[in-house]
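Here are the chains, one letter per residue:
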Amino acid sequence: MAHPIAPAATAPAVTPISVKAILPWAVFFGILLMALIYFVGAEQGATSLISGEDVHEWVHDGRHLLGFPCH
């Protein structure tokens, strides 16, 4: 008795995503990344927006990992 052969699976069509749809997300994540880099790299000393050492203590290890001096 012959076994029926299953039809070959076809890959679903890939629909392109327009730049217009991606742009708001790219801007949002770009601003978020810039804020994160500011707090890790520059939130201390003369350019400090937040007084005290709290932010410095929260990002201290990340600062060393990324090569920013802090001592």
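Provided above is the structure to which this section pertains.
All of these numbers come straight from a predicted model, not from anything done at the bench.

Each value, and the rule that gives it
Residues numbered from 1 in each chain as written. Predicted model: local features only at pLDDT ≥ 70, side-chain atom pairs only at ≥ 80, totals over all residues. Heavy atoms only, no water. Phe/Tyr/Trp six-rings, centres within 6.5 Å; stacked < 30°, edge-to-face > 60°. Helix = DSSP H or I, 4+ residues; strand = E, 2+ residues; numbered from the N terminus. Buried < 20%, exposed > 50% of the residue type's maximum accessible area, 1.4 Å probe, protein only. Axes fitted to C-alpha atoms, helices over the stretch in contact; angles between N-to-C directions. Parallel < 35°, antiparallel > 145°, perpendicular 65-115°, else oblique. Contact = heavy atoms within 4.5 Å. Nonpolar A, V, L, I, M, F, W, Y, C, P; charged D, E, K, R; others polar.

**Some words on the packing of aromatic side chains**
On inspection of all chains with the given rule, the structure shows 3 aromatic pairs. Judged by centre distance (6.4 Å) and plane angle (90°), the rings of Trp 25 and Phe 28 are edge-to-face. In this pair, Trp 25 and Phe 28 both sit in helix H1 (residues 19-41), 3 residues apart, roughly one turn of the helix. Residue Phe 28 is classed as partly exposed on the basis of its relative accessible area of 44%. These aromatic residues form a ring-pair network of at least three members: Trp 25, Phe 28 and Phe 29.

**So, the packing of H1 against helix H2 (residues 54-65)**
Here H1 crosses H2 at 95°, and the two axes come no closer than 8 Å. Accordingly, the angle class assigned to the pair H1 and H2 is roughly perpendicular. In contact with Phe 39, Val 40 and Gly 41 of H1, H2 contributes Val 55, Val 59, Gly 62 and Arg 63. Considering only residue class, the contact of H1 with H2 consists of 4 nonpolar, 2 polar and 1 charged.

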